[in-house]
Amino acid sequence: MAIRFLNTYTRQLEEFRPLDPAGKSVKLYTCGPTVYNYAHIGNFRAYLFEDLLQRHLQARGYEVNRVMNLTDVDDKTIRGCQAAGLPLAEFTQKFKDAFFEDLKTLRVQPATTFPSATDPVYIARMIEMIAHLVEHGYAYQAEDKSVYFRLNKFPNYGKLAHLNLDELRPSGRISNDEYEKESIGDFALWKAWDAADGDVVWDSPWGKGRPGWHIECSAMSTALLGPEIDIHCGGVDNIFPHHEAEIAQSECCTGHRFVRVWMHCAHLMVEGQKMSKSAGNFYTLRNLLDKGYTGREIRYVLLSVNYRLPLNFTFESLAGARSALSRIDEWVERLTTQAASETNASGHPLAAQMRFEEALDDDLNISAALGVLFDIIRESNRALDQNALTPADARALLNWWNRVNAVLQFQREETAIPQTVLELVEARAAARAAKNWAASDEIRAQIDAAGWVVKDSKEGQKLTRK
RNA sequence: GGCGGGAUAGCCAAGUGGUAAGGCAGAGGUCUGCAAAACCUCUAUUCGCGGGUUCGAUUCCCGCUCCCGCCUCCA
């Protein structure tokens, strides 16, 4: 079965075919963070959706060349560095580092390239593109010295968002716009310097200033991936105007279609409400880690609902993730024990494997895919209980799990058992041999207090991390 | 006002023109010294509401209600 994605541009489920004539490599651009603060879990929902996309494409044999930009100059970063009394680069570096740490915590596979907007290479590229646009009449410098895109030169503007520009209701934001633009919708490509920018400034053919936000993605995408790419992702809130602007700039510069498939993930809600600082339900990844949740638990919650559906993030769902993950852990543990004597890596349960991957082929239907996984867990646990699962079966299931986990990244990380806990286990074994149940239970409590859970099985005591 | 996305058990959620996957939570049971884990059984006569098409609709059509998002630099 072919991979199919819902393309925002056409609103159709489309069979995925990469540009690459060999059908091997995929060009993927994903809008990254603005590094003025720690990213919040809503941001990470988008990055996890993109991670699932990338990993599934890889599982299907594609090589993914993925770019994720870092916006390290804009109004917020400038305001932030001024408030912190730091140079812009120093201020944003802190949040870039934090962002990469967070991605690691959430087991997000790094992009091939993480270009920064302020990299001189890309500043130069942006200026080059803007110059081209001005030269060909797609852009103009207004009296305020900023350079704007001339919207009426690009009739396709609005097609991605399916908006009719004539019917746009004026909102408060644009009525404040006092600039000398030809048309109210014209957006800035180059923003002329003003006092509020302080020392954040670059030279350009239009005088001192800084790039607009939209041109950044166009410059990086075309510079790193070429004029046309396979997939461009982001949150739904980027559809308009950001991605519309990207299309306009890029296509007017290159003369090519910019993106074949647009994919956008829906917003995250927290406890049924829009996440906002004023509502007190605003969480960065770090806030949740401080509350004792792990990266993979958060990954599970953020990944377990289809990307196109609004996701209601709750603490109940985090608790559910913990239970579901430990169910997976127990299963992997049992399979590993059972497979110990079997080293032959062949013999995949093909039908099951295919059902999992086919579910993801269908516009990343993660719920159906997880359904397949849990069905198999139940079936093989039952077989294990009945002593009907051979070591070869167990090995085959583990091989399958490794493929599944390459996409999901749900496996528990190995942790060394501390010496003190090992000693307690030994002491408990002695107590149990003597049928001293009171002592056995007391030691079990001590092990629990040390952060480990001990279970008694036919093969003896088993330890797992709490 | 325009455009778009939703409404399935206590919660999350899949899905199909033929009678409702899966996860979490809950109840009972098997196993266990007790636990834990695992397994078994149970938990939506029903898929927002009202019509229509059909032998049959949660799934198709029409109308309605409610929720959410976007509408010019928020993933």
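Residues numbered from 1 in each chain as written. Chains lettered and ligands numbered in written order. Predicted model: local features only at pLDDT ≥ 70, side-chain atom pairs only at ≥ 80, totals over all residues. Heavy atoms only, no water.

Some thoughts on the overall build of chain A
Phase 1: Within chain A, the regular secondary structure consists of 15 helices and 15 strands.
Phase 2: Taking the principal axes of its C-alpha atoms as reference, chain A extends roughly 90 × 50 × 40 Å.
Phase 3: Counting across all 466 residues of chain A, residues that qualify as buried make up 48%.
Phase 4: Put simply, of all contacts in chain A between residues at least 6 apart along the chain, 76% involve residues at least 24 apart.
Phase 5: When the accessible area of chain A is evaluated, it comes to approximately 22,000 Å², of which 50% is carbon and sulfur surface.
Phase 6: Distance from the positive charge centre (53 side chains) to the negative charge centre (62 side chains) of chain A: 5 Å. (Helix = DSSP H or I, 4+ residues; strand = E, 2+ residues; numbered from the N terminus. Buried < 20%, exposed > 50% of the residue type's maximum accessible area, 1.4 Å probe, protein only. Contact = heavy atoms within 4.5 Å. Areas by Shrake-Rupley, 256 points an atom, 1.4 Å probe, with all protein chains shown as cover. Lys, Arg positive; Asp, Glu negative; His and termini not counted. Charge placed at Lys NZ, Arg CZ, Asp CG, Glu CD.)

Here we look at the sheet that holds strand S8 (residues 209–211)
Phase 1: Taken in spatial order, the four strands of this open sheet run S5-S6-S7-S8, and their pairing is antiparallel. The open sheet terminates on both sides in strands that have one partner only, identified here as strand S5 (139–141) and S8. Neighbour-to-neighbour, the strand axes of this sheet turn through a mean angle of 20°, independent of strand direction.
Phase 2: Strand direction decides the pairing type here: strand S7 (residues 188–192) and S8, joined by three bridges, are antiparallel. The partner of Lys191 across the bridge, within S8, is Arg210. (Pairing = 2+ DSSP bridges. Axes fitted to C-alpha atoms, helices over the stretch in contact; angles between N-to-C directions.)

With respect to unusual backbone geometry
Phase 1: A cis geometry characterises the amide bond from Phe240 onward to Pro241, with omega recorded as 5°.
Phase 2: One can find Pro241 in helix H7 (residues 239–254).
Phase 3: Located in the positive-phi region is Lys145, a residue other than glycine, with phi close to 80°.
Phase 4: By the element assignment, Lys145 lies in the loop between S5 and strand S6 (147–149).

Description of the confidence of the model for chain A
Phase 1: Residues at a pLDDT of 70 or more form 95% of chain A, whose mean pLDDT is 90.
Phase 2: Taken as a whole, residues 169–178 scores under 50 in pLDDT and shows one contact with residues more than four places along the chain or in a different chain. (pLDDT = per-residue confidence, 0-100.)

Considering the environment of Thr105
Phase 1: Following the sequence through the fold, Thr105 ends up in helix H3 (residues 88–105).
Phase 2: On the accessibility criterion, Thr105 (29% relative accessible area) is partly exposed.
Phase 3: In this structure, Thr105 is in contact with Leu285, Leu289, Gly295 and Arg296, ignoring residues within four places of it in sequence.

A few points about the domain arrangement of chain A
Phase 1: Taken domain by domain, chain A comprises domain 1 (4–265), domain 2 (273–408) and domain 3 (419–465).
Phase 2: One C-alpha centre belongs to domain 1, the other to domain 3; they are set 56 Å apart. (Domains from an automatic or database assignment.)

Concerning helix H12 (residues 366–385)
Phase 1: When the terminal C-alpha atoms of H12 are compared, their 28 Å separation across 20 residues agrees well with the 28 Å that a helix rising 1.5 Å per residue should span.
Phase 2: If you check which residues of H12 are buried, you get Ile366, Ala369, Leu370, Val372, Leu373, Phe374, Ile376, Ile377, Ser380, Asn381, Ala383 and Leu384.
Phase 3: Positive phi appears at Asn387, one or two residues downstream of H12, with a value of about 60°. (Expected span 1.5 Å × (residues − 1).)

Digging into the sheet that holds strand S10 (residues 259–265)
Phase 1: Taken in spatial order, the four strands of this open sheet run S4-S3-S9-S10, and their pairing is parallel. Here the strands that pair on one side only, and so sit at the sheet edges, are strand S4 (63–68) and S10. Taken pair by pair, the neighbouring strands of this sheet meet at an average axis angle of 20°, ignoring direction.
Phase 2: Pairing geometry for strand S9 (residues 229–235) and S10, over six bridges, is parallel.

Remarks on the pairing of strand S1 (residues 4–7)
Phase 1: Where burial is concerned, the two faces of S1 differ: the one with Phe5 and Asn7 is buried and the one with Arg4 and Leu6 is not.
Phase 2: Hairpin geometry of S1 and strand S2 (residues 12–15) is characterised by an intervening segment of four residues between the two adjacent antiparallel strands and by a positive phi of about 60° at Arg11.

Some remarks on the nonpolar core
Considering soluble globular proteins, one finds that nonpolar side chains tend to be buried as a cluster.
Phase 1: Residues Phe5, Leu57, Ile231, Met263 and Phe313 are the most contacted members of the largest nonpolar core, which totals 78 residues.
Phase 2: Ranked by residues supplied to this core, first place goes to H12 with 10 residues.
Phase 3: Each of two domains, domain 1 (4–265) and domain 2 (273–408), supplies a minimum of three residues to this core.
Phase 4: Apart from the residues within four sequence positions on either side, Met263 is in contact with Phe5, Leu6, Thr8, Phe49, Leu53, Ile231, His232, Cys233, Gly234, Tyr307, Asp363 and Leu364.
Phase 5: If you look at the next biggest cluster of nonpolar residues, it comprises 46 residues, including Cys31, Met129, Trp190 and Cys217. (Core = buried A, V, L, I, M, F, W, Y, C linked by side-chain atoms within 4.5 Å.)

Focus: the side chain of Lys96
Phase 1: Take Lys96: it is sitting in helix H3.
Phase 2: Looking at Lys96, its side chain comes within polar contact range of the side chain of Asp72, at 2.9 Å.
Phase 3: Setting aside residues no more than four positions away along its own chain, Lys96 makes contact with Val35, Leu70, Asp72 and Ser116. (Polar contact = N/O pair within 3.5 Å; in protein donor to acceptor, adjacent residues only side chain to side chain.)

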